[in-house]
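Notes for the structure review
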Amino acid sequence: MCGIVGYIGKKDAENTLIEGLKRLEYRGYDSSGIALVQNKKMFSEKAIGKIINLEEKLSGKKFSGNVGICHTRWATHGKPTKENAHPHFSCDGDIAVVHNGIIENYQTLRDDLKKKGHKFLSETDSEVLPHLIEDFYKGDLREAVLKALKCVQGTYGIAVVSSKNPDEMIAARKGSPLVLGVGNGENFVASDVAAILGYTNQVVYLNDGEIARVASDDFQITDMDNQQIKCEINKIEWSLEESQKGGHEHFMLKEILEQPKVVVDSTRGRLLPDEGSVKLGGLEEVEEDLRKIEKIIIVACGTARYAGLVGEYMLEEYAEIPTEVEFASEFRYRKPIVDERTAIIAISQSGETADTLAAIREAKRKGALTLGIVNVVGSTIARETDAGVYNHAGPEIAVASTKAFTSQLTVLALITILLGRQRNMSLDTGKKIIEELEALPEKIEIILKNKVDIKKLSEKYSKYSDFMYLGRKYCFPLAEEGALKLKEISYIHSEGFPAGEMKHGSIALIDEDFPVVCVAPKDSVYEKNISNVEEIRARKGKIIILTTQGNKEAEKVADDIIYIPDALEMLTPILAVVPLQLFAYYVSSFRGLDVDKPRNLAKSVTVE
Ligand code: AGP
């Protein structure tokens, strides 16, 4: 997820653009860049890292312009380098483009453009855009952009300027958000209203398949067939602070609500339904090595490790590969039996967790193949593993991990299909899992629509000081994750156990002041879970059961019920975790705590 800002008007664009870009830094900050047009000349600057680095490079520069675009990058293709930073330019340097999204057919387009003599400077998918526009450019910038976008498969939110067309900016959207800001004698383009709220609260939201020609005192929007679109101007009521969270009170809630889209983004371009298999570009070069793998060790910390525990069940049941999950912080002190037939899967949202990195280095010393499931492109773990799969979940700002977790589970399911179909998984089974993956976003939306019920439940239970979470098989790791979510943002003592383990001692804790959340979908171990629930009720424990929609019998044994849609057992955790995230979020909110920045914690633990 990247940040885009464009400006055209009477003022010097540079300051307006940089100030707007700073308000989008939460969307990604591994590099940034700016392009300005003045007197039919193009000026640009780029920098790695946070936007302040770009600002420093610009200070003292003697260039300005009243039309310009800028970009802060969340890398998807190509490391965070200056060459890969946006804007990207046409060969003649006269056309500049900033892009948010993924161009799935960029390799084909790049090859065709190279054959026509275009020279590429970056590894990014985005750079095909300025060259494609240049190829179609005959004086009308909007027409050239329109023709170029008709060649593109994938998603985009773009802004384009040209030194040959200094009185206009072109914007277009398909799958990535883009908004026009309507000013007085000036107009804006941005990925998010946060960038322009300081200048105007009048906005027009671009829809997918729309393209806008923006001048300083006018703009026209059409569809891709040049049909004029009636523009509806919206007045933004949000404060600037709220707007960076999309109008939500906290980043955590925004990220919980993004999860339907995250599952789509984590699978985008990777599903091969007809073959009942998947295409994981980041594993292509090691696919033959993966055929020889006889053991998998998953190393991770915290929430990422709980995703690994779900992956353990997936890989053993569907890929039939012996799998174990290790605390990354412990793995390096053991004498792990690791060799070239072992694959290490390191799961890390930040890609910078010191313990996980240390585990990878230890495994590499012993000759293991190391794979990463990482969200931050170009992060250390992404660079140090032999291969890997990016989450494409977008920046996760809240310390408590939510959308990264569901993306990790989604990617683990993709890897399970890949490895399973190399082994004994049938075409039908592969197709079934893919079909179920494609159905998940809608099912998550159903859960999110009922979030007010979770909010009521959270208020009822927000006063307790102890919780136990239980689950079995695929949902045992959810007991751990649910407990972690609650403890890390509400500071309530909460523990997760395999449901069968509870009677071996921990049940001594149960009384009427020790509520228990039992994650018990109607799956292969449901009856066993209900037996544990009965044991707890016999000791006056309060029970919240999370189960499958329509399971009315659970109402006989539960004090409160949370329903989720039915799904394939191996994918149910992706649904079941959402109410647990919401429960923790609302309990913390009711306790008046800093949900996004809980005490004692950091988003990325880069120390051992
Ligand atoms: C999860 O909510 C916590 N923030 C923490 O457990 C986190 O999952 C852990 O530190 C691992 O981080 P990583 O995924 O960036 O490696």
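The following paragraphs examine the structure supplied in this document. Source: prediction; values computed, not measured.

Let us now look at helix α8 (residues 259-267). With 7 of 9 residues buried, α8 is to be regarded as a mostly interior element. Taken together, the buried positions of α8 are Gln259, Pro260, Val262, Val263, Asp265, Ser266 and Thr267. At its buried positions, α8 is contacted by α7 (251-257), β15 (271-272), α14 (403-422), α15 (427-449) and α19 (572-590).

Turning next to the nonpolar core. Core analysis: the largest hydrophobic core is formed by 93 residues, its most contacted members being Leu283 and Phe583. The dominant element in this core, judged by the number of residues it contributes, is α19, at 12 residues. Filtering out sequence-adjacent residues up to four positions away, Phe583 remains in contact with Ile454, Leu457, Ser458, Tyr461, Phe467, Tyr469, Leu486 and Ile544. Core analysis: the next-biggest nonpolar cluster, separate from the first, contains 26 residues, Ile95, Leu141, Val160 and Ile211 among them.

Aromatic ring pairs: the centre-centre distance and the angle between the two ring planes describe each pair. For the coordinates displayed, the defined rule picks out 10 aromatic pairs. Judged by centre distance (6.5 Å) and plane angle (40°), the rings of Phe467 and Tyr469 are tilted. Consider the rings of Phe467 and Phe583, whose centres lie 5.8 Å apart with planes at 70°: the pair is edge-to-face. Of the two residues, Phe467 is situated in strand β22 (residues 466-471) and Phe583 in helix α19; the sequence distance between them amounts to 116 residues. In this structure, Phe467 and Phe583 share a single accessibility class: buried. The rings of Tyr461, Tyr464, Phe467, Tyr469 and Phe583 are connected pair by pair, giving a single aromatic cluster.

Take the pattern of salt bridges next. Tallied over the entire structure, the rule returns 35 salt bridges. Across the pair Lys61 and Glu45 runs a salt bridge whose closest N-O atoms are separated by 3.2 Å. Pair noted here: Lys61 is in the loop between α2 (51-58) and β4 (67-73) and Glu45 is in strand β3 (residues 41-48), with a separation of 16 residues, a long-range link. When its relative accessible area of 38% is taken as the criterion, Lys61 is described as partly exposed. Here Asp560 ties to Lys460 by a salt bridge, and the two come within 2.6 Å at their closest N and O atoms. Of this pair, Asp560 sits in strand β26 (residues 560-564) while Lys460 is found in helix α16 (residues 451-461), placing the two residues 100 residues apart along the sequence. Take Asp560: its relative accessible area is 14%, and that puts it in the buried class. Exposure remark for Lys460: the relative accessible area of 47% places this residue in the partly exposed category. Among the charged side chains, a salt-bridge network with shared partners connects Glu45, Lys57, Lys61 and Lys82.

As summarised here, the arrangement of the 5 strands in space is β18-β17-β19-β20-β21, forming an open sheet in which the pairing is parallel. If you trace the sheet from one side to the other, it starts and ends with β18 (323-327) and β21 (387-390), each paired once. Direction aside, neighbouring strands of the sheet carry axes that sit 20° apart on average. For strand β17 (residues 295-300) and strand β19 (residues 342-348), the ladder comprises 5 bridges, and the chain directions are parallel. Counted as the bridge partner of Val299 is Ala346 from β19. Running over the sheet, helix α12 (residues 354-365) touches β17, β19 and β20 (369-374) and is turned about 165° from β19.

Okay, the packing of α14 against α15 next. Between α14 and α15, the shortest axis-to-axis distance is 10 Å and the interhelical angle comes to 170°. In this view, α14 runs roughly antiparallel relative to α15, as classed from their interaxial angle. The chirality of how α14 crosses α15 is left-handed. In this structure, α14 contributes Thr410, Ala413, Leu414, Ile417 and Arg421 to the contact, and α15 contributes Leu427, Gly430, Ile433, Ile434 and Leu437. Looking at the contact of α14 with α15, its residues break down into 7 nonpolar, 2 polar and 1 charged.

Right, let's talk about the site of the ligand for a bit. Neighbouring the ligand are 14 residues, the closest being Ser348, Gln349, Ser350, Thr353 and Glu488. Contacts to the ligand include Gln349, whose backbone N or O atom sits 2.7 Å from an oxygen atom. Ser401 places a main-chain nitrogen or oxygen 2.8 Å from an oxygen atom of the ligand. Taken by itself the ligand offers 410 Å² of open surface, and the protein chains cover 91% of this. Elements represented by at least two residues in the shell around the ligand include exactly α10 (302-319) and α17 (476-490). The class makeup of the residues in the shell around the ligand is 5 nonpolar, 7 polar and 2 charged.

It is worth spelling out the side chain of Ser126 at this point. Here Ser126 lies in the loop between α3 (106-115) and α4 (128-136). Here the side chain of Ser126 touches His86 through a polar contact of 3.5 Å, side chain to side chain. Within polar-contact distance, the side chain of Ser126 engages the side chain of His99 at 2.7 Å. What Ser126 contacts, discounting residues up to four positions off in sequence, is His86, His88, His99 and Ile103.

At a minimum axis separation of 8 Å, α4 and helix α5 (residues 141-149) run at an interaxial angle of 120°. Relative to α5, α4 is oriented oblique. Every pair of crossing elements has a handedness; the one defined by α4 and α5 is right-handed. Residue-level inspection shows Leu129, Leu132, Ile133 and Phe136 of α4 in contact with α5, the latter providing Leu141, Ala144, Val145, Lys147, Ala148 and Leu149.

What follows concerns α17. Residues three or four positions apart in an α-helix share a direction because the helix packs 3.6 residues into each turn. In this model, α17 (15 residues) spans 22 Å end to end at C-alpha, consistent with the 21 Å of a helix rising 1.5 Å per residue. Summarising burial for α17: 14 of the 15 residues are buried, a large majority. Note on α17: the residue one or two positions beyond its end, Tyr491, has a positive phi of about 65°.

Procedures and definitions
Residues numbered from 1 in each chain as written. Predicted model: local features only at pLDDT ≥ 70, side-chain atom pairs only at ≥ 80, totals over all residues. Heavy atoms only, no water. Buried < 20%, exposed > 50% of the residue type's maximum accessible area, 1.4 Å probe, protein only. Helix = DSSP H or I, 4+ residues; strand = E, 2+ residues; numbered from the N terminus. Contact = heavy atoms within 4.5 Å. Core = buried A, V, L, I, M, F, W, Y, C linked by side-chain atoms within 4.5 Å. Phe/Tyr/Trp six-rings, centres within 6.5 Å; stacked < 30°, edge-to-face > 60°. Salt bridge = Lys/Arg side-chain N within 4 Å of Asp/Glu carboxyl O. Pairing = 2+ DSSP bridges. Axes fitted to C-alpha atoms, helices over the stretch in contact; angles between N-to-C directions. Parallel < 35°, antiparallel > 145°, perpendicular 65-115°, else oblique. Left-handed = near helix turned anticlockwise from the far one by under 90°. Nonpolar A, V, L, I, M, F, W, Y, C, P; charged D, E, K, R; others polar. Near = heavy atom within 4 Å. Polar contact = N/O pair within 3.5 Å; in protein donor to acceptor, adjacent residues only side chain to side chain. Areas by Shrake-Rupley, 256 points an atom, 1.4 Å probe, with all protein chains shown as cover. Expected span 1.5 Å × (residues − 1).

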